[in-house]
Amino acid sequence: MNIEFDGPISTANAKTLGQVIEALLERIQDRDEDLDLSSLSRIRVTDDLPAAEQRFGATPVADEHLSRIVADEGKLALLFDGGKLWQILSGDGAEIARLIHHLHKECWRVHDALTTPAAATSEAPLAKALAPIVTAMWQEYRINRRSAWSVPADSDLLLNHLAALLQALPDGMQEEITLYFADQDLDGLFSKSLGRIAHLMQAVAHVQGYLDGLGQPLSAISADMHELVSKSFLSPIWTAAAQHLAAGHAIGPGELADIPLRRDVQAAFASFGLQIRESDDGSDVWVDVQPLTKPETLH
């Protein structure tokens, strides 16, 4: 593996950083024999991650991040923030454990970029509208399920985030629906609610991927979270999505795996009074907003 270093901090600590990265990659690949990193052209450790992203033609993202996978002349490059990486290696065992898991997940993202077929195999309007959510769910689920063995002991598996979503989403969705009845902007309602539901379903897949990778039900990981889910609007959706994610993972990517997840996403909308479906002639996506008596069409 070609490992490059750029900047005073990264270059000064190149020997140690390189040895650590190589050792971690060897450990990960020894454990995950089906992991394919043939599309990874290089790892670049840099003091200026945004500048490196730009050099590879990627738009820097605003959020704090340790690494980024970018296109690299038909292959992929993994960019690391050298300053953050060195700080982690100078820290305690818990930080290093999180680094191992982070690199493990990045490796599976590289694998998926090479092996995962294109999404949205159906041209039906509803399938195309929900394809980004379904694709994101599969990405979260697959990566977390396969990288569960390296998850740090102190990780909450995103359970706290999921709990916050369960508490905030009902009021947020009600606000969007109330605004719709005031301004009749159906496209705005669909767009905003789609973002909220996408966030929820991605979190569900994220958590379920870890649970299936660990071979544990939610009740065994957190009795409190199990109770919260079972008493919330999410309960039937959680149960169905868990079954569909596991079954779809077993049969592999494709329409047979995607169709049940699309129904789960529709069920999440329906739990807030939004019925999304295709028009009778199959040319559009229609939404019934309760208590409306006739469907509205999206343009």
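Anything mentioned here points back to the structure above.
Residues numbered from 1 in each chain as written. Predicted model: local features only at pLDDT ≥ 70, side-chain atom pairs only at ≥ 80, totals over all residues. Heavy atoms only, no water.

(A) Expanded view of the nonpolar core. The biggest cluster of nonpolar side chains holds 53 residues, and the ones touching the most others in it are L162, L200, M201, L234 and W238. Elements with a contribution of two residues or more to this core: α6 (125-146), α7 (159-183), α8 (186-214), α10 (223-230), α11 (235-251), α12 (255-270), β5 (274-278) and β6 (285-289). With 14 residues, α8 is the largest single contributor of residues to this core. What L162 contacts, discounting residues up to four positions off in sequence, is L200, A203, V204, V207, M225, L234 and W238. By size, the runner-up hydrophobic cluster in this structure holds 25 residues, among which are L25, L66, V110 and I143. (Core = buried A, V, L, I, M, F, W, Y, C linked by side-chain atoms within 4.5 Å. Buried < 20%, exposed > 50% of the residue type's maximum accessible area, 1.4 Å probe, protein only. Helix = DSSP H or I, 4+ residues; strand = E, 2+ residues; numbered from the N terminus. Contact = heavy atoms within 4.5 Å.)

(B) Representation of the packing of α7 against α10 in the model. One way to put it is that α7 packs onto α10 with a least axis distance of 11 Å and a crossing angle of 25 degrees. One way to sum up the angle between α7 and α10 is to call them roughly parallel. The two elements α7 and α10 meet at a crossing, and its hand is left-handed. Mapping the contact onto sequence places L159, L162, A163, L166 and Q167 in α7 and M225, L228 and V229 in α10. Residue composition of the contact of α7 with α10, grouped by class: 7 nonpolar, 1 polar and no charged. (Axes fitted to C-alpha atoms, helices over the stretch in contact; angles between N-to-C directions. Parallel < 35°, antiparallel > 145°, perpendicular 65-115°, else oblique. Left-handed = near helix turned anticlockwise from the far one by under 90°. Nonpolar A, V, L, I, M, F, W, Y, C, P; charged D, E, K, R; others polar.)

(C) Summary view of the packing of α8 against α12. Taken N-terminus to C-terminus, the directions of α8 and α12 make an angle of 120 degrees; their axes are 10 Å apart at the nearest point. With respect to each other, α8 and α12 are oriented oblique. As for the relative orientation of α8 and α12, their crossing is right-handed in sense. When α8 is examined against α12, the residues S193, L194, I197 and M201 are found in contact with a partner set consisting of D264, V265, A268 and F269. Looking at the contact of α8 with α12 residue by residue, the classes come out as 6 nonpolar, 1 polar and 1 charged.

(D) Examining a negative patch on the surface more closely. On the surface, E22, E26, D30, E33 and D34 cluster together into a negatively charged patch. Note on E33: relative accessible area 74%, which makes it exposed. (Patch = residues over 30% accessible without salt bridge, like charges linked within 9 Å, V, L, I, M, F, W, Y side chains within 5 Å. Areas by Shrake-Rupley, 256 points an atom, 1.4 Å probe, with all protein chains shown as cover. Salt bridge = Lys/Arg side-chain N within 4 Å of Asp/Glu carboxyl O. Lys, Arg positive; Asp, Glu negative; His and termini not counted. Charge placed at Lys NZ, Arg CZ, Asp CG, Glu CD.)

(E) Just the sheet that holds strand β1 (residues 3-6), in detail. Taken in spatial order, the 4 strands line up as β1-β2-β4-β3 in an open sheet, and their pairing is mixed. At either end of the open sheet lies a strand with only one pairing partner, and these are β1 and β3 (67-72). If you compare each strand with its neighbour and ignore which way they point, the axes differ by 25 degrees on average. Inspection of the sheet shows β1 paired to strand β2 (residues 40-46) by 4 bridges, in the parallel sense. By the bridge assignment for β2, F5 is matched with V45. Contacts from helix α4 (residues 82-89) reach β2 and β4 (75-81), with the element oriented near 60 degrees to β4. In the packing of helix α5 (residues 93-115) onto the sheet, contacts are made with β2, β3 and β4, and the angle to β4 comes to roughly 160 degrees. (Pairing = 2+ DSSP bridges.)

(F) Seen up close, empty space enclosed by the protein. Applying the stated criterion to the full structure yields 1 cavity of 30 Å³ or more. Lining the largest cavity, in full, are V20, I21, L24, F80, L85, L99 and L103. For the lining of the largest cavity, the elements supplying multiple residues, two or more each, are α2 (14-31) and α5. At 3 residues, the largest contribution of residues to the lining of the largest cavity is made by α2. Here the lining of the largest cavity is built from residues that sort into 7 nonpolar, no polar and no charged. (1 Å grid on protein atoms, 1.4 Å probe; cavity = no way out; pocket = protein on both sides within 12 Å on 5 of 7 lines; lining within 4 Å. Points joined across faces, edges and corners; volume = space filled by probe spheres on them.)

(G) Local environment of the pattern of salt bridges. Applying the stated criterion to the full structure yields 16 salt bridges. In this structure, E53 engages R68 in a salt bridge whose closest nitrogen and oxygen atoms are separated by 3.0 Å. Placement of E53 in helix α3 (residues 49-55) and of R68 in strand β3 is noted, with a sequence separation of 15 residues between them. Residue E64 pairs with K84 through a salt bridge whose shortest N-O separation is 3.0 Å. Residue E64 is located in the loop between α3 and β3, and its partner K84 is located in helix α4; the two are separated by 20 residues in the primary sequence. You can call E64 exposed: its relative accessible area is 69%.

(H) Up close: the layout of surface pockets. In this structure, the second largest pocket encloses a volume near 260 Å³. Of all the elements in the fold, those that place two or more residues in the lining of the second largest pocket are β3 and α5. Across the lining of the second largest pocket, the residue classes tally to 1 nonpolar, 3 polar and 5 charged.

(I) Examining the packing of aromatic side chains more closely. Scanning the model with the defined rule gives 4 aromatic pairs in all. With centroids separated by 5.4 Å and ring planes inclined at 55 degrees, the aromatic side chains of Y180 and F181 adopt a geometry described as tilted. (Phe/Tyr/Trp six-rings, centres within 6.5 Å; stacked < 30°, edge-to-face > 60°.)

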